Amino acid sequence: MWKILQVGVGPLGIKIVSDLHERKLGRVVAAVDTSPALAGKKLAEVVPGSPKSVSIAADYDDVDWSAIDCAIVASSSDLAKCAPTFRTLLAHGATVVSTCEELSWPYLRHKKLSAELDALAKKHGGRLLGTGVNPGFLMDTFPVAATAISKSVERVEVHRYQDASSRRIPFQKKIGVGLDDKQFDAQVKAGTLRHVGLGESLHFIAAQLGLTVTRWEEDIHPVYATKSMKSGLGIVKKGSICGVRQEARGYTGDRITVELKFQASIGLKDPHDRVIVTGTPPIDLVWQGGVQGDIATSAITLNSIRSLKQCAPGLHTMASIPLVGCVAPAKK
């Protein structure tokens with residue numbers, strides 16, 4: 001069984017820890033969260049079933065690094081904000097799996113930082129991976145894997161349309177549920193309202209399939225409620241914003257070669273995930289009903305540990321680790 005250091009005990013961190021124990025894959029032996037509301041509490045108070053001996057610390061001073069098999073970081077989407085945490089973990093030679101969206105393909109926005117983290121990991125024998133349901137799988141790794149049967153690929157189009165009603169509250173906040181236009185525009189401008197990772201997924205696909213992207217663009221628009229609906233943030237009135245629609249397009253010259261379409265909104269009709277590949281043979285795969293993001297993010301985070309631990313030290317992506325599949329419970 002894996003011995004885990006859990007960094008970040010918010011809603012997603014709680015889900016991951018709960019699933020770790022429920023799936024009998026390991027146990028948390030240390031936990032860190034800088035939130036004053038959490039630091040000092042027993043982990044079992046926040047995640048029932050956790051070892052009663054584990055307290056949530058505000059720093060890493062008391063971590064027994066020799067007792068850690070892997071650190072899981074579920075804190076921020078922003079790689080620059082996560083960087084101090086990664087530096088600390090890698091300096092201790094830790095194997096680190098993170099849900100940080102920008103880490104899924106860090107070379108797009110953080111080339112210098114990527115090189116620094118890679119060098120630090122190699123120096124101390126650590127490993128670092130960014131993954132998740134999206135980015136990390138549905139709109140990047142899965143479409144690339146689908147082309148294993150392809151003789152040629154000319155264009156890739158990926159759709160993710162999800163009903164956000166069942167998603168955790170921080171996710172609903174991130175997609176603008178309940179805001180008006182002025183609030184929506186202000187948060188988009190501040191960079192706090194968006195699905196993080198669309199650009200990363202686009203460049204992941206292009207890099208793996210050899211599709212040269214000479215320029216790319218991304219746009220974001222609100223989705224409006226056509227009727228009054230319930231959400232984790234309260235009632236969303238008719239005409240209020242109930243979610244977000246984003247699209248990213250990568251061009252080779254004047255031709256779109258990678259196109260990603262994402263929508264997450266409360267009460268979305270016909271949720272689904274879809275991969276369309278123009279090539280030989282043509283591919284059109286549809287996941288009816290779509291994939292529930294919180295369940296899948298927790299699952300792929302835990303399932304990736306085994307594959308990452310098989311890798312050489314360094315900064316990794318889902319393209320550089322062995323194939324990830326569902327990990328069976330640890331044998332006693």
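Here, the structure is the one placed above.
Residues numbered from 1 in each chain as written. Predicted model: local features only at pLDDT ≥ 70, side-chain atom pairs only at ≥ 80, totals over all residues. Heavy atoms only, no water.

Concerning the environment of G239
Looking at the element boundaries, G239 is found in the loop between β10 (234-236) and β11 (241-252). Taking C-alpha positions, G239 is 36 Å from I300, a pair spaced 61 residues apart along the chain. Every residue in contact with G239, bar those within four places of it in the chain, is listed here: Y224 and A225. (Helix = DSSP H or I, 4+ residues; strand = E, 2+ residues; numbered from the N terminus. Contact = heavy atoms within 4.5 Å.)

Re the side chain of T257
Relative to the helices and strands, T257 is located in strand β12 (residues 255-265). Within the structure, T257 has its side chain in polar contact with the side chain of T252 (distance 3.1 Å). Excluding its chain neighbours within four sequence positions, the residues that come into contact with T257 are E154, R155, V156, L211, T212, G250, Y251 and T252. (Polar contact = N/O pair within 3.5 Å; in protein donor to acceptor, adjacent residues only side chain to side chain.)

Comments concerning the packing of helix α1 (residues 11-22) against helix α9 (residues 293-309)
For any two helices packed against each other, the geometry comes down to the angle between their axes and how far apart the axes lie. Where α1 contacts α9, the two axes come as close as 9 Å, and the packing angle between them is 60°. Comparing their axes, α9 and α1 come out oblique. In this structure, α1 crosses over α9, and the sense of that crossing is right-handed. Residues L12, K15, I16, D19 and L20 of α1 form the contact with α9, whose participating residues are D294, I295, T297, S298, T301 and L302. Grouping the amino acids of the contact of α1 with α9 by side-chain chemistry returns 5 nonpolar, 3 polar and 3 charged. (Axes fitted to C-alpha atoms, helices over the stretch in contact; angles between N-to-C directions. Parallel < 35°, antiparallel > 145°, perpendicular 65-115°, else oblique. Left-handed = near helix turned anticlockwise from the far one by under 90°. Nonpolar A, V, L, I, M, F, W, Y, C, P; charged D, E, K, R; others polar.)

Some thoughts on the packing of helix α3 (residues 79-91) against helix α4 (residues 111-124)
Between α3 and α4, the least distance of the axes is 9 Å, while the angle of their chain directions is 15°. Here α3 lies roughly parallel to α4, going by the angle between them. Handedness of the crossing formed by α3 with α4: left-handed. Within the contact between the two elements, α3 uses L79, A80, A83, F86, R87, L90 and A91 and α4 uses L113, E116, L117, L120, A121 and H124. Here the contact of α3 with α4 is composed, by residue class, of 10 nonpolar, 1 polar and 2 charged.

Considerations on the layout of surface pockets
Here the largest pocket defines a volume of roughly 820 Å³. Estimates place the volume of the second largest pocket at around 410 Å³. Lining of the second largest pocket is provided by 22 residues; of these, F137, T141, I300, M318 and V324 occupy positions nearest its centre. Secondary structure elements with two or more residues in the lining of the second largest pocket: α5 (141-146), α8 (198-209) and α9. (1 Å grid on protein atoms, 1.4 Å probe; cavity = no way out; pocket = protein on both sides within 12 Å on 5 of 7 lines; lining within 4 Å. Points joined across faces, edges and corners; volume = space filled by probe spheres on them.)

It is worth stressing that arrangement in space is one thing and function is another; only the former is reported here.
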